[in-house]
Amino acid sequence: MDNTPQEVWVFVEQKEGMPADVSFELLSKGKKLTDNLSGVLKSVVIGYQVEDLAKETFRYGTEEAILVDHPDLRNYHTMSYSRILYELVEKYRPRIVLFGATFQGRDLAPRVASHTRSGLTADCTDLQIADVQYLRQDYQQLLLQIRPAFGGNIIATIISPDSPTQMATVREGVMELSPLEKFTVGKITEIPYKPDPMDQLIKIIERHQEEKKVNLKAAPIIVAGGYGMGSKENFQILYSLAHAIGAEVAGSRAAVDAGFISPERQIGQTGVTVRPKLYIACGISGAIQHRAGMQDSQKIIAINDDPDAPIFDVCHYGIVGDVMQVIPIFIDSFKHKLR
Amino acid sequence: MAFQSIVMVKQVPDTANISGQVMRPDGTVNRAKLPAIFNPEDKVALELALQIKDRHGGKVSAITMGPPKASEVLRECLYMGADAVYLISDRKFAGADTLATSYVLSEAIKKIGEYDLIFAGRQAIDGDTAQVGPQTAEKLGLPQITYAEEIINVKKPRVTVRRRIDGGYEIIESKMPVLITVIKEAAEPRPFKATRVMAYKNAKSLVELEEMTNANSLLYIDDLKEEFISRNLFIPTLTLDDFELDISRIGQSGSPTKVYKIDSVVLGVGEHIKIEPNKDGIGNLIEQLMENRIFG
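### Examining the overall build of chain A
The helix and strand inventory of chain A stands at eight helices and 18 strands. For 339 residues, the compact-globule estimate of 2.2 N^0.38 gives 20 Å, and the C-alpha radius of gyration of chain A, at 22 Å, lies within 12% of that figure. Taken over the C-alpha atoms alone, chain A extends approximately 65 × 55 × 40 Å along its principal axes. Among the 339 residues that make up chain A, the fraction classed as buried is 56%. Within chain A, residue pairs in contact and separated by at least 24 positions form 65% of the contacts whose partners lie at least 6 positions apart.

### Thoughts on the overall build of chain B
Secondary structure summary: chain B contains eight helices and 15 strands in total. In terms of overall dimensions, chain B has a C-alpha envelope of 80 × 50 × 45 Å along the principal axes. The buried share of chain B, taken over its 296 residues, is 47%. Put simply, 70% of the contacts in chain B that link residues at least 6 apart link residues at least 24 apart.

### Let's talk about the packing of helix α6 (residues 206-215) of chain B against helix α7 (residues 221-230) of chain B
Residue and element names in this part refer to chain B. At a minimum axis separation of 10 Å, α6 and α7 run at an interaxial angle of 130 degrees. In this view, α6 runs oblique relative to α7, as classed from their interaxial angle. Two packed elements cross with a definite hand, and for α6 against α7 that hand is right-handed. Where α6 abuts α7, its residues L206, L209, E210, M212 and T213 lie against I221, L224, K225 and F228. For the contact of α6 with α7, the class distribution of residues is six nonpolar, one polar and two charged.

### Notes on the nonpolar core
Core analysis: the biggest nonpolar cluster contains 132 residues, and B:V7, B:L46, B:L48, B:A49, B:A62, B:C77 and B:F119 have the highest contact counts within it. The contacts of B:V7, once residues within four sequence positions are left out, are B:A45, B:L46, B:A49, B:V60, B:A62, B:F119 and B:A120. By size, the runner-up hydrophobic cluster in this structure holds 51 residues, among which are A:V223, A:V249, A:I284 and A:F312.

### Let's talk about helix α5 (residues 232-245) of chain A
Residue and element names in this part refer to chain A. A rise of 1.5 Å per residue sets the reference length of α5, with its 14 residues, at 20 Å; its end C-alpha atoms lie 21 Å apart and thus fit the reference within 8%. Along α5, the residues classified as buried are F235, L238, L241, A242 and I245. Seen end-on, α5 carries its buried residues on one side only, within an arc spanning 100 degrees. Looking at α5, the residues exposed on the side facing more than 90 degrees away from the buried face are E233 and H243. Those residues of α5 hidden inside the fold are in contact with β14 (221-225), β15 (248-251), β16 (278-282) and α8 (323-338).

### With respect to the environment of A:I331
Residues and elements named next belong to chain A. Position of I331 relative to the elements: it lies in helix α8. Note: C-alpha distance between I331 and I245 (86 residues apart in sequence) is 8.0 Å. Among all residues touching I331, those that are not within four sequence positions of it are S240, L241 and A244.

### Here's the deal with the sheet that holds strand β12 (residues 187-190) of chain A
Residues and elements named next belong to chain A. Reading across the sheet, the seven strands line up as β7-β11-β6-β1-β4-β5-β12 and stay open at both edges, with parallel pairing between neighbours. Sheet topology places β7 (119-124) and β12 at the edges, where each strand pairs with a single neighbour. Pairs of neighbouring strands in the sheet enclose a mean axial angle of 20 degrees, with direction left out of account. Strands in contact with helix α1 (residues 21-37) are β1 (7-12), β4 (40-47), β6 (96-100) and β11 (166-170); relative to β1, the strand with the most contacts, it is inclined by about 180 degrees. Along the sheet, helix α4 (residues 103-116) contacts β6, β7 and β11; its crossing angle with β11, the most-contacted strand, is approximately 170 degrees.

### Focus: the pairing of strand β10 (residues 178-182) of chain B
It is a general feature of regular strands that their side chains alternate between the two faces of the sheet. All names here are of chain B. A large share of β10 lies buried, amounting to five of its five residues. Where burial is concerned, the two faces of β10 agree: the one with V178, I180 and V182 and the one with L179 and T181 are both buried. As defined by bridge partners, strand β6 (residues 117-121) adjoins β10 across five bridges and the pair is classed as parallel. For L117, the partnering residue across the bridge sits in β10 and is V178. Pairing between strand β7 (residues 144-155) and β10: three bridges, direction parallel. Bridging from a neighbouring strand, Q144 pairs with L179 of β10.

### Things to note about the domain arrangement of chain A
By a widely used convention, the size of an interface equals the accessible area lost when the partners come together. All names here are of chain A. Domain parsing of chain A yields domain 1 (7-201) and domain 2 (216-338). A separation of 33 Å is found between the C-alpha centroids of domain 1 and domain 2. Contact with domain 1, which involves nine residues of that partner, is made by 10 residues of domain 2. Each residue belonging to the side of domain 1 that touches domain 2 can be placed in one class, and the counts come to three nonpolar, three polar and three charged.

### Comments concerning the pairing of strand β10 (residues 154-159) of chain A
Residues and elements named next belong to chain A. For β10, the buried fraction is high: five of the six residues fall into the buried class. Looking at chain direction, strand β9 (residues 137-149) and β10 are connected through five bridges and run antiparallel. Residue pairing across strands places I146 opposite T157, the latter belonging to β10.

### Quick word on unusual backbone geometry
Residues and elements named next belong to chain B. Cis rather than trans, the peptide bond between K156 and P157 has omega equal to 5 degrees. Relative to the elements of secondary structure, P157 occurs in the loop between β7 and β8 (158-165). A cis geometry characterises the amide bond from M176 onward to P177, with omega recorded as 0 degrees. In this fold, P177 is placed in the loop between β9 (168-175) and β10.

### Section: the environment of A:S43
All names here are of chain A. On the secondary structure map, S43 appears in strand β4. Residue class for S43 comes out buried when judged on the 30 C-beta atoms lying within 10 Å of it. A C-alpha to C-alpha distance of 9.7 Å links S43 and K55, two positions 12 residues apart in sequence. Non-local contacts of S43, meaning those with residues more than four positions away in its chain, are made with V10, V12, L27, A54, T57, T62, A65 and I66.

### Overview of the interface of chain A and chain B
Each side of the interface is counted separately: chain A has 69 residues, and chain B has 64 residues. Along the lines of polarity and charge, the residues of the side of chain A that touches chain B split into 33 nonpolar, 21 polar and 15 charged.

### Thoughts on the sheet that holds strand β14 (residues 258-264) of chain B
Read from one edge to the other, the open sheet built from four strands follows the order β8(A)-β9(A)-β10(A)-β14(B), with strand pairing classed as antiparallel. The open sheet has two free edges, formed respectively by β8 (126-134) of chain A together with β14 of chain B, since each of these has just one partner strand. In this sheet, neighbouring strand axes are inclined to one another by 35 degrees on average, regardless of whether the strands run parallel or antiparallel. On the sheet, α1(A) packs against β8 and β9 of chain A and is oriented at approximately 30 degrees with respect to β8(A).

Definitions and cut-offs
- Residues numbered from 1 in each chain as written.
- Chains lettered and ligands numbered in written order.
- Predicted model: local features only at pLDDT ≥ 70, side-chain atom pairs only at ≥ 80, totals over all residues.
- Helix = DSSP H or I, 4+ residues; strand = E, 2+ residues; numbered from the N terminus.
- Rg over C-alpha atoms; globule rule 2.2 N^0.38 Å.
- Buried ≥ 20, exposed ≤ 12 C-beta atoms within 10 Å, placed from the backbone.
- Contact = placed C-beta atoms within 7 Å.
- Axes fitted to C-alpha atoms, helices over the stretch in contact; angles between N-to-C directions.
- Parallel < 35°, antiparallel > 145°, perpendicular 65-115°, else oblique.
- Left-handed = near helix turned anticlockwise from the far one by under 90°.
- Nonpolar A, V, L, I, M, F, W, Y, C, P; charged D, E, K, R; others polar.
- Core = buried A, V, L, I, M, F, W, Y, C linked by C-beta atoms within 7 Å.
- Expected span 1.5 Å × (residues − 1).
- Arc of directions from axis to C-beta.
- Pairing = 2+ DSSP bridges.
- Domains from an automatic or database assignment.

In structure tokens form, the structure reads like this:
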């Protein structure tokens, strides 16, 4: 191994110049990884008039911001963004590249990994640096990419031992945001953008985007329902409960798959990770993927008719009973206590 | 105006029914021990391709890479209306990650020939990575449209697609050929057609024919294969010998990502306070939460 410091890159996602939260979370995690590697943290910012955003990444410990700024790059575009990134990766061969597991990140990262033939792990719930022995070979300072797999019965640790660049995507909310109190202004390296005929193959005709209607991450109280709610009709009772106590409603993946609730309200590994003051899990069995998204809540109440449901292992208060009977009692009692 | 579509499908373990016993020591799943199903979003992808054929004519081919057993999903593709199916199967392909998989799939697609559209499900339920679609597109030098929820218009040389993005949608126009990955809301897969089930239930891949000859010494593989081809019941199988592949890029050894460690999830012995499901129990809990300023 040579002595040039190992580089950790974070792709900074933006829409109309507004950064995605996940990018700063990744920079915070990237800073910790670079500390372990004695390496250098760099951000990659692609867009139009996004120099301020590039500067903002210094607050998270970025030593260098790689900036590609051009009117053609105002909006995310699969072909141009992926080409810019794989050319950069091929040229500088960073040790690690991190992407948000967003619509953009999941569209972009696989192409970059494919072109550079890098190992890529999706939806990691933890990242660590460690020396590893694999097939009787020693590898120093590999990125451990940790994620639940196969129905949540196992936690897999993935490595890319022979991949010059190791890539991973991480969902929003999984890594903690930690801006530095003291930071140094790093340097901005601007890379010129060269248009390519391939970019013209796809045109965005219309983009319709609403401000996020639900912001589960900011909700102090969350009422979440699972498959155990039984039906979409039964699910309505969660809205009554949420209305009474001032909460947002969310669901497990099983509830989303069953059509009880919309996907943007999904909690868990492939949904949102939350840390509210209170999380009320109703009819949720508590698979590891779900727990990955809510186990750091301050207080957890679990309501389930199966006393052996794994959700009871992470909750603070367990109520064994039928959700359709327990929740009305909860609402009544709450209204009564308020008086 | 007819369109040639290729649909990439995958047989996946039904992840709802997995236990530790089906994992091999190296961390890969022993799929033979699991109930296997047609990956749901791939079925939606096939439906979209069939709808385009219904409206505009053309041909729909389905391909899958997997163990011999994966021909089960190819038969289901035939039941739904696919015109041709291809099994890509070789021991040497096994244990592939998304990069090695997309390499073999892209080479197979080059062999199958002309196409206007390639469809795939957004992701498979066993890994949820959503990587094989974009990586196949990249290897074929094609543009991609991921998270498609509606095909708005197809007219050579362009296709217009509505795709989901964070908090909304985008309408995208792409030149063909293009690879499109679809989400489950895009369409409701059609049921199997009884006449097609009758016609194709005996369709067999080469491996399945070999199994027949092994079980019955009166059968000869070459004769059998010829007979199945003539009855239009042969599922073509592409093995390593049918390609000129870079061996260093296939299978487990050609996969940059490795499963280093598998930890069974140990259920915590987390202590919690049991609350009775009645007025007193829940009332006390609410009081306690109010005191702790969780409420209010």
